[in-house]
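Each chain, written out:
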Amino acid sequence: MYIGAFDIARFWNSLSMSFVSATFLIFVAIIVVYYYTVRPKNQWIVVLVGSLIFCLVGGWQVVVYPLLIGIIVYFSARIIEATDKKEKKKRKRFVAFSATTLVATLSLIKLVQLFELTTINFIFPIGISYYTFSAISYVADVYWRKDTAEKNYFKLLAFLIYFPKILQGPISRHRQLAPQMFKGQAFSYKNITFGAQLVLWGFFKKIVLADRLVTVVDTVFSNHDDYGGFIIVVTAMLSAVQLYADFSGCMDMAAGISQMLGLELEKNFDHPFFSKTVAEFWRRWHITLGAWFKDYVYMPIAVSPGMIKFTGWIRTHIGKAVSRAISTIIPLAVTWILTGLWHGTGMNYITWGIYWGTLIILSTLLSKKFDALNEALHINTKTQIWRIFQMTRTFLIFCVTRIIVVPGDMTVTGDILGRLFTDLRPWELVDGTVYNLGLSEYELNLALICVGILWIADYLQTKVYIREKIASWNVVFRSLFYSAAVVGVLTFGLWGPSYDAASFVYMNY
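Residues numbered from 1 in each chain as written. Predicted model: local features only at pLDDT ≥ 70, side-chain atom pairs only at ≥ 80, totals over all residues. Heavy atoms only, no water.

1. Focus: the overall build of the protein
Part 1 of the reasoning: Looking only at helices and strands, the protein has 22 helices and two strands in total.
Part 2 of the reasoning: Sorting the 509 residues of the protein into buried and exposed places 46% on the buried side.
Part 3 of the reasoning: Counting only contacts in the protein whose residues sit at least 6 apart along the sequence, the fraction spanning at least 24 positions is 76%.
Part 4 of the reasoning: Just so you have it, the protein exposes about 25,200 Å², and 67% of that area is on carbon and sulfur atoms. (Helix = DSSP H or I, 4+ residues; strand = E, 2+ residues; numbered from the N terminus. Buried < 20%, exposed > 50% of the residue type's maximum accessible area, 1.4 Å probe, protein only. Contact = heavy atoms within 4.5 Å. Areas by Shrake-Rupley, 256 points an atom, 1.4 Å probe, with all protein chains shown as cover.)

2. Examining unusual backbone geometry
Part 1 of the reasoning: Unusually for a residue other than glycine, His271 sits at a positive phi of about 50 degrees.
Part 2 of the reasoning: By the secondary structure assignment, His271 is in the loop between α11 (229-260) and α12 (278-284).
Part 3 of the reasoning: The backbone of His378 sits at a positive phi, close to 60 degrees, despite the residue not being glycine.
Part 4 of the reasoning: For His378, the location among the structural elements is in the loop between α17 (367-376) and α18 (384-405).

3. Notes on the packing of helix α10 (residues 189-222) against helix α20 (residues 441-461)
Part 1 of the reasoning: Remark: α10 packs on α20, axes separated minimally by 10 Å, with the N-to-C direction vectors making an angle of 135 degrees. With respect to α20, the element α10 is oriented oblique. Crossing hand, α10 versus α20: left-handed. Here Trp201, Phe204, Lys205, Val208, Leu209, Arg212, Leu213 and Val216 of α10 lie close against α20, whose contacting residues are Glu443, Leu444, Leu446, Ala447, Cys450, Val451, Ile453, Leu454, Ala457 and Gln461.
Part 2 of the reasoning: Of the residues assigned to the contact of α10 with α20, the class counts are 14 nonpolar, one polar and three charged. (Axes fitted to C-alpha atoms, helices over the stretch in contact; angles between N-to-C directions. Parallel < 35°, antiparallel > 145°, perpendicular 65-115°, else oblique. Left-handed = near helix turned anticlockwise from the far one by under 90°. Nonpolar A, V, L, I, M, F, W, Y, C, P; charged D, E, K, R; others polar.)

4. Let's talk about α20
Part 1 of the reasoning: Taking 1.5 Å of rise per residue, 21 residues should cover 30 Å, and α20 covers 30 Å from first to last C-alpha, within 8% of that figure.
Part 2 of the reasoning: For α20, the full list of buried residues reads Glu443, Leu444, Leu446, Ala447, Cys450, Leu454, Ala457 and Asp458. In a view along the axis of α20, the buried residues occupy a sector of 155 degrees, so they form one face of it. Exposed residues lying more than 90 degrees from the buried face of α20 are Tyr442, Ile449 and Trp455.
Part 3 of the reasoning: Looking at the buried side of α20, the elements it contacts are α10, α11, α21 (466-471) and α22 (475-492). (Expected span 1.5 Å × (residues − 1). Arc of directions from axis to C-beta.)

5. Thoughts on a positive patch on the surface
Part 1 of the reasoning: A cluster of basic residues, Lys85, Lys88, Lys92 and Arg145, forms a positive patch on the protein surface.
Part 2 of the reasoning: As for its position among the elements, Lys88 is in helix α5 (residues 88-115). (Patch = residues over 30% accessible without salt bridge, like charges linked within 9 Å, V, L, I, M, F, W, Y side chains within 5 Å. Salt bridge = Lys/Arg side-chain N within 4 Å of Asp/Glu carboxyl O. Lys, Arg positive; Asp, Glu negative; His and termini not counted. Charge placed at Lys NZ, Arg CZ, Asp CG, Glu CD.)

This is the structure in structure tokens:
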């Protein structure tokens, strides 16, 4: 369609809704303005229309799946709520129908993506796992009477496709986000400024740090035969930081945009690299995913009649210790294999799930023995040195998972792990090799400085509420700080027409 010399179709197709695009920032500004100019009771309509536009920029196909999900869960939840609690079989049938349909459809799309079956690939939308999981939790919560069924289909749709969280989450619960969304929010200068701070911090993490480090990660893992074990270890560590900066950066942007709208999203990160154990790490990393699997996979298995009956038989015929172990192992094993499959359907992701599941099972079962060993060795577990050791150990455990999943092939992963023991080449750390990993000396040093800034900021956040602290400064110093932060991101961020921002890592899940 043409208006004079203006081609609307070409213009629409040229738009990008990447969180780090100029189009998206303009889009957010328009949404915020409209949001606060309508009546509070109608603000959710602005959110719905904005979310639909956000999806439609990616193509009409992107909208099809959430619309269908919305129809399925809307009617299922209404029927479940209207059905008498005594009619357990009928209520269970509708829960099973909706959950099975959603999981089966998600699994089909995952397989289509994995095997690149382009004939039906048009149905694949970005971020499907996030709103599919939100939909499943919504129906389950209505069934358990933890939530009430939404009477308005379009309100349910607004919750499911809320644009800040649709790409990478968090996996929101209807009972937490919907009441905020539909009651209306008064304009708050604090929400606007604090939200903008989070968005800027997310930009720093993504385009200044993560998109630099990904160059090194791709260079080394794509050409692993050219590098020794020491370079691979350093790359795995940088890959861990890169993933954290990428994913948490997106979460900061989503939370910041939501705060500007007066909405509070669930926290998805809580300084995970300061964790002392693997279990604590997963209570701090991708918090909403862990909570979802705990509530809707682990607990239903752990308290199911079949599991109780089975462990009861084990306790009677074999012993209490074995029964307790089985009741821990089975739910955790299933949960972590499914978590691995959520991240991807390749063997590397199954291995990833087994790796984490094994570590958490062992740490759970052997925790008392570890405590006894520390006591026997006279290790003072209260010292700062011991805590640093624990945090370093947990970080290195996480780094191993980057070697498992980033190469995308377990054979390559095996070759890379082999180099850690047979071909170390420590001299590559000092002979200039590190400056030939896709980044110049200046770019690599800048990336390492940014890693330091990220670590310092995360550490300070565990001690003080940084945003409140900055807000308490004199207006002159506060303005100078904000100006310097904006200039810093604009100066050191990877911008320009020749630069295509790397997709957020968790958009593919």
